[in-house]
Amino acid sequence: MSHSPLITTRATVVRAGQRTTLVALPAWCNGDVLVPVETWIIMMATGQTRGSLPGTELDVRARLTARTEAGLALQDWEPINPLEPSVLAAPSAGTATPSTVWN
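Along each chain, numbering runs from 1 in the same order as the chain's sequence is written. Only residues with pLDDT of at least 70 are given local features in this predicted model, and only at 80 or more are side-chain atom pairs given and counted; all residues enter the totals for whole chains, interfaces and linings. Each side-chain value is worked out from all heavy atoms of the structure, with water and hydrogens disregarded.

Novice: Honestly, the side chain of arginine 63 in this entry has me stumped. Any pointers?
Specialist: Relative to the assigned elements, arginine 63 resides in the loop between strand 4 (57–62) and strand 5 (75–79). Note on exposure labels: buried denotes an accessible area under 20% of the residue type's maximum, exposed denotes more than 50%, and partly exposed covers the range between, all computed with a 1.4 Å probe on protein chains only. Asp and Glu count as negative and Lys and Arg as positive, but His and the ends of the chain are not part of the count. Here, a salt bridge means any Lys or Arg side-chain nitrogen found within 4 Å of an Asp or Glu carboxyl oxygen. Summary of buried charges: arginine 63 has no salt-bridge partner, and the nearest side chain of opposite charge, aspartate 76, is 11 Å away. Definition of a polar contact: a pair of N or O atoms within 3.5 Å, with one able to donate and the other able to accept a hydrogen when the atoms are protein atoms, and with sequence-neighbouring residues admitted only if both atoms are side-chain atoms. Within polar-contact distance, the side chain of arginine 63 engages the backbone oxygen of serine 4 at 2.8 Å. Residues are treated as being in contact if the distance between any of their heavy atoms lies within 4.5 Å. In this view, arginine 63 contacts His3, Ser4, Pro5, Leu6, Gly71, Leu72 and Ala73; residues no more than four positions away in its chain are not counted. Only DSSP runs of H or I with at least four residues qualify as helices, and only runs of E with at least two residues qualify as strands; both kinds are numbered from the N terminus onward.

Here's what the structure looks like:
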């Protein structure tokens, strides 16, 4: 029996706990089944703190024909819109701060 290939798909962080983060994959079970992922994996992929993870979107490779969460074989997490280094720098006079852009 051969396994279906891994396909790049979208994942959205719904809840980030101390050890486990729950993500929705719209291409798998219409995103209705939340998939547990170790929080440190998502934090490392995004460079964000746990508190800022909810709502974050990532690309991940998954076996979308899986019948269970374990069968998804999630790997190669990449943030959809990673922060550019210039965004992280202190704002100059007259520019918007992240809080005015993101709130």
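Novice: I would appreciate a short explanation of the sheet that holds strand 4 in the present structure.
Specialist: Read across the open sheet, the five strands follow the order 3-2-1-4-5; overall the sheet is antiparallel. Each edge of the open sheet carries a strand with a single partner, namely strand 3 (35–38) and strand 5. Going from strand to strand, the sheet's axes swing by 40° on average, the running direction of each strand aside. Of the strand pairs in this sheet, strand 1 (residues 7–16) and strand 2 (residues 20–24) are connected by four bridges, and their pairing is antiparallel. Residue pairing in the sheet places alanine 16 in a bridge with threonine 21 of strand 2. Lying on the sheet, helix 1 (residues 39–46) is in contact with strand 1, strand 2, strand 3, strand 4 and strand 5; it crosses strand 3 at an angle near 70°. DSSP-based pairing: two strands are paired if at least 2 bridges between them are found. In this analysis, axes come from line fits to C-alpha atoms, helices being fitted only over the stretch in contact, and the angle between any two N-to-C directions falls in the range 0 to 180 degrees.

Novice: Explanation requested: the confidence of the model for the protein chain in the structure shown.
Specialist: Note: predicted coordinates in regions of low pLDDT should not be interpreted at a detailed level. Confidence per residue, as judged by the predictor, is encoded in pLDDT with a range of 0 to 100. Taken as a whole, the protein chain shows an average pLDDT of 84; of its residues, 77% reach a score of 70 or greater. Within the protein chain, no element has a lower average pLDDT than helix 3 (residues 98–102), which sits at 41, and none a higher one than strand 2, at 98. Counting contacts from residues 85–90, a segment whose pLDDT is below 50, to residues more than four positions away or on other chains yields three contacts. Contacts of residues 95–103 to residues separated by more than four positions or lying in other chains number seven contacts, the stretch itself having pLDDT below 50.

Novice: Would you mind going over the side chain of threonine 56 with me for this structure?
Specialist: Tracing the backbone through its elements, the reader meets threonine 56 in the loop between helix 1 and strand 4. In this structure the side chain of threonine 56 is engaged in a polar contact, spanning 3.3 Å, whose partner is the side chain of glutamine 48. In terms of polar contacts, threonine 56 uses its side chain to reach the backbone carbonyl oxygen of serine 52, at 3.5 Å. Once residues within four sequence positions are removed from consideration, threonine 56 is found in contact with Ala11, Thr12, Val13, Thr46 and Gln48.

Novice: Where do I start with the pattern of salt bridges in this structure?
Specialist: Two side chains carrying opposite charge are able to pair once their charged atoms lie near each other. A complete count under the given rule lists two salt bridges for this structure. Here arginine 10 and glutamate 57 are joined by a salt bridge, their closest N and O atoms 3.1 Å apart. Taken together, the positions of arginine 10 in strand 1 and glutamate 57 in strand 4 put the pair 47 residues apart, joining distant regions of the chain. Relative accessible area serves as the criterion here: at 34%, glutamate 57 is assigned to the partly exposed category.

Novice: I'm lost on the nonpolar core in this one. Help?
Specialist: The nonpolar side chains of soluble globular proteins are, as a tendency, buried together. Nonpolar cores are built from buried Ala, Val, Leu, Ile, Met, Phe, Trp, Tyr and Cys residues. Side-chain atoms within 4.5 Å join them into one set. Counting 16 residues, the largest nonpolar core has Val23, Leu25, Ile42 and Trp77 as its most contacted members. Within the residue set of this core, elements represented by two or more residues are strand 1, strand 3 and strand 4. Ignoring anything within four residues of it in the chain, the contact list for valine 23 reads Ala11, Thr12, Val13, Val14, Val33, Leu34, Val35, Val37 and Trp77.

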